[in-house]
Structures are given as C-alpha cells and as structure tokens.
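Structural overview for review
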Amino acid sequence: MKNIYLVGFMGTGKSTVAKALQKFLPIERVDLDEAIERVETITINEIFAKKGEDYFRNAESTLLGIISKQNNQIVSCGGGVVLRQENIDIMKENGTIVLLSASAKTVWNRVANDTYRPLLKGKNGPKDIEEMINNREEMYKKAADITVCVDDVTPDQVASDIVKQLALTGALN
Ligand code: S3P
C-alpha cells in the first residue's frame, strides 16, 4: 500500500489521528517531527532557537525524502511541511495526502497552553491563528488529495472518515 501523509495546521490532531488510523489499517506509523528530534538529538524548540527555521525546514525535507522511500506507512507531518513544493512533490510521488482542517477556534482551544511549538510563541488568540491559517491555506489546498474537517469530532471518527474516503479513491488497493 502507498503511504498516507497527514498534513494540516498545528493542533489539528495529526499524531492522534495517525494512531487512530492504526486501529483500522495494518500500517506502520511514523511521526516526522519525532524523527527530526531523534536525528538532531534536541527538541524542535531548541532547533528553532539554536539553529533557526531554515535549518529545521532542511532537516524536515531531508527526512521526509528518506522516510518516503518506504511504503505502507502513515506519516504524520509537521504543520509546515506544505510550505515547500518539493515536499508536496515527494509526498505525491508515493502516497496520498490527507489534510486535516480545523477552525481557528478549534486550533486555539487545543494549543492555547502549548509550549512545544516555537511558531506559536506570542500568539494571543484565535485571530492570530486565523491569520496564520489564511497565510498557509493555499498550500494546504494545493497539497490535499483528501480533506477531513476535525471540528467537533473524535479522532476515531476522523480516522474512519479518512478510511472511507481512501477506499473510494482506490488508495487502499
Ligand atoms: C510547525 C509545526 C510543528 C513543527 C514545527 C513547525 C509548523 O508540528 O513541525 O514546530 O510550521 O506548522 P505540528 O504541526 O505537529 O505541531
């Protein structure tokens, strides 16, 4: 089976939904952010603070390239993976890109007390989140083969919806 790449803004539940998908599909799970932290041996916050965002984005692209050489995986990606067209190309080459979408309010409710995401430092409410989502919206839409809204639904419901849509597109064959 081809890979399933989960993309979407921070706080849309990509990692949790990836775990829920394993209840439905016999598939390996890989978390791109966790892979970056393992290879770099420091946290994402530290990578941004000590080496900068460009360094992080390069590490992200490199690891995505390596991970994408294998099949039969669900890959939960960091929210900014769609910012580089080369990443979208890598994902499209051997997989289906599933976009988790959420309202700014949902995202804010989930990330308001977060300290693990460097790009959310200084963000003060749903308005700030909405601005960030709007800036990225075009790239998310461009990348997505399938889109699932995660507002007011459980991770299991999202996973089940994804499986149904994947089946319809023939991606599970
Ligand atoms: C980022 C999202 C984060 C992480 C990094 C940058 C982004 O992942 O990759 O902090 O640019 O949206 P999550 O989406 O899992 O929070």
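A brief look at the structure comes next. (Residues numbered from 1 in each chain as written. Predicted model: local features only at pLDDT ≥ 70, side-chain atom pairs only at ≥ 80, totals over all residues. Heavy atoms only, no water.)

**Considerations on the side chain of asparagine 87**
Relative to the assigned elements, asparagine 87 resides in helix H5 (residues 85-93). Other than its neighbours up to four places away in sequence, asparagine 87 contacts Glu60, Ser61, Leu64 and Val81. (Helix = DSSP H or I, 4+ residues; strand = E, 2+ residues; numbered from the N terminus. Contact = heavy atoms within 4.5 Å.)

**Quick word on the nonpolar core**
Residues Leu6, Leu21, Leu100, Ile129 and Ile162 are the most contacted members of the largest nonpolar core, which totals 58 residues. Counting residues per element, this core draws most heavily on helix H7 (residues 126-143), which supplies six residues. (Core = buried A, V, L, I, M, F, W, Y, C linked by side-chain atoms within 4.5 Å. Buried < 20%, exposed > 50% of the residue type's maximum accessible area, 1.4 Å probe, protein only.)

**A few points about the site of the ligand**
In the vicinity of the ligand there are 13 residues, among which Lys14, Asp33, Arg57, Arg117 and Arg136 approach most closely. At 2.7 Å from an oxygen atom of the ligand is found a side-chain nitrogen or oxygen belonging to arginine 57. Arginine 117 places a side-chain nitrogen or oxygen 2.5 Å from an oxygen atom of the ligand. Contact with the protein chains covers 94% of the free accessible surface of the ligand, which is 380 Å². (Near = heavy atom within 4 Å. Polar contact = N/O pair within 3.5 Å; in protein donor to acceptor, adjacent residues only side chain to side chain. Areas by Shrake-Rupley, 256 points an atom, 1.4 Å probe, with all protein chains shown as cover.)

**Considerations on unusual backbone geometry**
The backbone of threonine 41 sits at a positive phi, close to 60 degrees, despite the residue not being glycine. Here threonine 41 shows up in the loop between helix H2 (32-40) and helix H3 (44-50). Judged by relative accessible area, threonine 41 falls into the exposed class, the value being 66%. Phi at aspartate 152 takes a positive value of approximately 60 degrees, unusual for a residue other than glycine. Its location among the elements puts aspartate 152 in the loop between strand S5 (146-149) and helix H8 (155-169).

**Points about the environment of asparagine 94**
Following the sequence through the fold, asparagine 94 ends up in the loop between H5 and strand S4 (95-101). On the basis of relative accessibility, which here comes to 12%, the residue asparagine 94 falls in the buried class. Distance in space between the C-alpha atoms of asparagine 94 and methionine 1 is 9.4 Å, their sequence separation being 93 residues. If we skip the residues at most four places from it in the chain, asparagine 94 touches Lys2, Asn3, Tyr5, Ser68, Gln70 and Asn71. Only 2.8 Å separates the side chain of asparagine 94 from the side chain of tyrosine 5, close enough to count as a polar contact.

**Some words on the packing of helix H4 (residues 53-67) against H5**
Relative orientation of the contacting elements H4 and H5 amounts to 10 degrees, with a least axis distance of 10 Å. Judged by the angle between their axes, H4 and H5 are roughly parallel. The two elements H4 and H5 meet at a crossing, and its hand is left-handed. Along its contact with H4, which presents Glu60, Ser61, Leu64 and Gly65, the element H5 presents Glu86, Asn87, Ile90 and Met91. Split by residue class, the contact of H4 with H5 holds three nonpolar, three polar and two charged. (Axes fitted to C-alpha atoms, helices over the stretch in contact; angles between N-to-C directions. Parallel < 35°, antiparallel > 145°, perpendicular 65-115°, else oblique. Left-handed = near helix turned anticlockwise from the far one by under 90°. Nonpolar A, V, L, I, M, F, W, Y, C, P; charged D, E, K, R; others polar.)

**Quick notes on helix H6 (residues 104-111)**
Taken together, the buried positions of H6 are occupied by Ala104, Thr106, Val107, Trp108 and Val111. Elements that come into contact with the buried residues of H6 comprise H7.

**Some remarks on the environment of valine 81**
Within the secondary structure, valine 81 is located in the loop between strand S3 (73-76) and H5. Spatially, the C-alpha atoms of valine 81 and alanine 20 are 21 Å apart, while their sequence positions differ by 61 residues. Among residues more than four places away in sequence, those in contact with valine 81 are Val7, Leu32, Arg57, Glu60, Leu64, Asn87 and Met91.

Spatial relationships are all this shows, so hold off on functional conclusions.
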